[in-house]
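# Secondary and tertiary structure notes
Spelled out from the first residue to the last, the chains are:
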Amino acid sequence: AFLFTLKCHSGLAPTKMRLRQRNDGNAVLHHGSFGPVFGGGNDIRVSDNANKNSNSSTYVGYSYVWTGHQFLTGSKQFQASEVEVFSVQGKE
């Protein structure tokens, strides 16, 4: 698994963030009360109704390799206007 950004608050060029450990069981977590969580330390957590509140958060660096914790949004909490999640499948 990996995270990537095409455009971010800090103006960083498109960036790919790999997991610190291969096959990390916390790469993506799912819960019925909120959106996806990426990383065991809530590297990226998308709240329920993320476009209507600032309960989503980012703190990349726990499960995914990156040291600029708030580079995606400019602060730890954010309101999402759009979230896209992709799944890469192997060839059959």
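One can find the structure itself at the top, above this paragraph.
Computed from a predicted model, the values in this text were never measured in an experiment. (Residues numbered from 1 in each chain as written. Predicted model: local features only at pLDDT ≥ 70, side-chain atom pairs only at ≥ 80, totals over all residues. Heavy atoms only, no water.)

### Quick word on the packing of aromatic side chains
Two descriptors summarise a pair of aromatic rings, namely the distance from one centre to the other and the angle between the planes of the rings. Throughout the structure, instances matching the rule amount to 1 aromatic pair. When the ring of F2 is compared with that of F4, the centres are 6.3 Å apart and the planes differ by 45°; the resulting orientation is tilted. Among the residues examined, F2 registers a relative accessible area of 37% and is labelled partly exposed. Looking at K16, its charged tip hangs above the ring of F2, at a distance of 4.3 Å from the centre. Above the plane of the ring of F34 lies R45, whose end atom (NZ or CZ) is 4.1 Å from the centre. (Phe/Tyr/Trp six-rings, centres within 6.5 Å; stacked < 30°, edge-to-face > 60°. Buried < 20%, exposed > 50% of the residue type's maximum accessible area, 1.4 Å probe, protein only. Lys NZ or Arg CZ within 6 Å of the ring centre and 35° of its normal.)

### What about a nonpolar patch on the surface?
A cluster of nonpolar side chains, F2, F4, L6, F86 and V88, forms an exposed patch at the surface whose accessible area comes to about 580 Å². Along the polypeptide, V88 turns up in the segment after β7 (77–78). (Patch = residues over 30% accessible without salt bridge, like charges linked within 9 Å, V, L, I, M, F, W, Y side chains within 5 Å. Areas by Shrake-Rupley, 256 points an atom, 1.4 Å probe, with all protein chains shown as cover. Salt bridge = Lys/Arg side-chain N within 4 Å of Asp/Glu carboxyl O. Helix = DSSP H or I, 4+ residues; strand = E, 2+ residues; numbered from the N terminus.)

### Quick notes on the sheet that holds strand β4 (residues 34–38)
The strand order across the open sheet built from 5 strands is β3-β4-β5-β6-β7, with neighbouring strands paired in antiparallel fashion. At either end of the open sheet lies a strand with only one pairing partner, and these are β3 (29–31) and β7. Note: strand β5 (residues 44–45) against strand β6 (residues 56–58), 2 bridges, orientation antiparallel. Within β6, the position partnered with R45 by the bridge is S57. (Pairing = 2+ DSSP bridges.)

### Points about the pairing of strand β2 (residues 15–18)
Side chains T15 and M17 project from β2 onto a buried face, and the interleaved K16 and R18 project onto a face without burial. Here strand β1 (residues 2–5) runs beside β2; their pairing, made up of 4 bridges, is antiparallel. Bridging across to β2, F4 finds its partner in K16.

All quantities given are derived from atomic positions and should not be read as evidence of function.
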